[in-house]
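Residue-level structure breakdown
Listed here are the chains, written in short residue letters.
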Amino acid sequence: MNRIKTLQELNLLDRFLFSEVMADNEILEDVLEIILGHPVPLKDKAQAEKELRRTPQNKSVYFDVYGEDIRDVAYDMEVQQKNTKDLPKRTRYYNGMIDLNMLHPGEDYSQLKDAYVIMIMPFDLFGEGKYKYTFHMSCDEIPGLKLYDGATRIFLNTHGTDGKGVSEELIQLLRYFEQTTEENAAGSHSRKIEKLQKRVEEIKKNEEVGIRYMNAFEEKMWERREGREEGEM
């Protein structure tokens, strides 16, 4: 059985720390700005572990961090440690769940907000060495013709090798996500990443957060134990 990490040992690729840190609007705005290359002023407080479910019969989703900006653009940010072989379709489902919860009865489809699903991973899902893979709907028959339906899915690879088309600050951010240390933050020479490190330090020193982390671990262990017991029945 693998030893549980302490709160102090967590990196930003660990879902618990990621959700705690990114629930701060200033931090989330900074990270989105580094990823997208433009300011993203949020209008409401970001939500960690946001649950969306269309009906009781539908599969629910829990977004690691969800926010909307002042232009009503929606952002779902996820960290994913393992390649479960279903990530493209999972992001499609997440995108669909965002859409389903946008419109009220009688509203026109043109009122659908633009939506980003961003997944950060310590592996190269597509094997091309890129740090960033951005997908939009496009036409097979006419190269360059895009649908412009407002849906964007981005896969970020902390193990990238080809820095073409991405900023040095994004590369440093991805390295920092995998190795969340004061040394890496200082070495990034990025004000935003250094501010992110200060937030990480605050979270790791917070006793209430430490209690939540231990409770979350105990709940997970209980769920696993129940699953084994059911399997033995």
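Just above sits the structure.
Just so we're clear, the structure is a prediction, and the values are computed from it rather than from any experiment. (Residues numbered from 1 in each chain as written. Predicted model: local features only at pLDDT ≥ 70, side-chain atom pairs only at ≥ 80, totals over all residues. Heavy atoms only, no water.)

With that out of the way, let us pick up the overall build of the protein. Within the protein one finds seven helices and six strands. Its helices and strands taken in sequence order, the protein reads α-α-β-β-β-α-β-β-β-α-α-α-α from the N to the C terminus. Across the 233 residues of the protein, 41% fall into the buried class. Excluding contacts between residues fewer than 6 apart, the proportion of contacts in the protein whose partners are at least 24 apart in sequence is 61%. (Helix = DSSP H or I, 4+ residues; strand = E, 2+ residues; numbered from the N terminus. Buried < 20%, exposed > 50% of the residue type's maximum accessible area, 1.4 Å probe, protein only. Contact = heavy atoms within 4.5 Å.)

This brings us to the nonpolar core. Core analysis: the biggest nonpolar cluster contains 44 residues, and Met 22, Phe 177 and Leu 196 have the highest contact counts within it. Only helix H1 (15-22), helix H2 (25-36), strand E3 (74-79), strand E4 (115-121), strand E6 (151-157), helix H4 (168-178), helix H6 (191-205) and helix H7 (207-232) provide two or more residues apiece to this core. Apart from residues no more than four positions distant in its own chain, Met 22 is found in contact with Ile 27, Leu 28, Val 31, Ala 46, Val 65, Phe 177 and Leu 196. Core analysis: the next-biggest nonpolar cluster, separate from the first, contains 10 residues, Val 61, Ala 74, Ile 98 and Met 102 among them. (Core = buried A, V, L, I, M, F, W, Y, C linked by side-chain atoms within 4.5 Å.)

Per the stated rule, a full pass over the model turns up 13 salt bridges. Glu 20 is paired through a salt bridge with Arg 212; the nearest N and O atoms lie 2.8 Å apart. Residue Glu 20 is located in helix H1, and its partner Arg 212 is located in helix H7; the two are separated by 192 residues in the primary sequence. A salt bridge links Glu 202 to Arg 199; the shortest N-O distance between them is 3.5 Å. Placement of both Glu 202 and Arg 199 in helix H6 is noted, with a separation of three residues, approximately one turn of the helix. Members of the salt-bridge network, linked through shared partners, are Lys 43, Glu 68, Asp 72 and Lys 113. (Salt bridge = Lys/Arg side-chain N within 4 Å of Asp/Glu carboxyl O.)

Burial of E3 is extensive: six of the six residues sit out of reach of the surface. Burial along E3 is two-sided: Ala 74, Asp 76 and Glu 78 and Tyr 75, Met 77 and Val 79, pointing in opposite directions, are all buried. Relative to E3, strand E2 (residues 61-68) is paired through four bridges, and the arrangement is antiparallel. Pairing of Glu 68 across the sheet is with Ala 74, part of E3. (Pairing = 2+ DSSP bridges.)

Another point: the side chain of Thr 158. Its place among the elements puts Thr 158 in the loop between E6 and H4. Taking the relative accessible area as the measure of exposure, Thr 158 reaches 7% and is therefore buried. Within the structure, Thr 158 has its side chain in polar contact with the side chain of Glu 178 (distance 2.9 Å). (Polar contact = N/O pair within 3.5 Å; in protein donor to acceptor, adjacent residues only side chain to side chain.)

The space that makes up the second largest pocket amounts to roughly 300 Å³. As for the second largest pocket, its lining consists of 14 residues, of which Asn 95, Met 137, Asp 149, Ala 151 and Arg 153 are closest to the centre. (1 Å grid on protein atoms, 1.4 Å probe; cavity = no way out; pocket = protein on both sides within 12 Å on 5 of 7 lines; lining within 4 Å. Points joined across faces, edges and corners; volume = space filled by probe spheres on them.)

Let us now look at the pairing of E6. E6 sits mainly inside the fold: five of its seven residues count as buried. Of the strand pairs in this sheet, E4 and E6 are connected by seven bridges, and their pairing is parallel. What sits directly across from Ala 115, in E6, is Ala 151. Taken together, the four bridges between strand E5 (residues 132-135) and E6 define a ladder with antiparallel strand orientation. Paired with Tyr 133 across the two strands is Phe 155, which belongs to E6.

Fair warning: the whole summary comes from geometry, so function is off the table for now.
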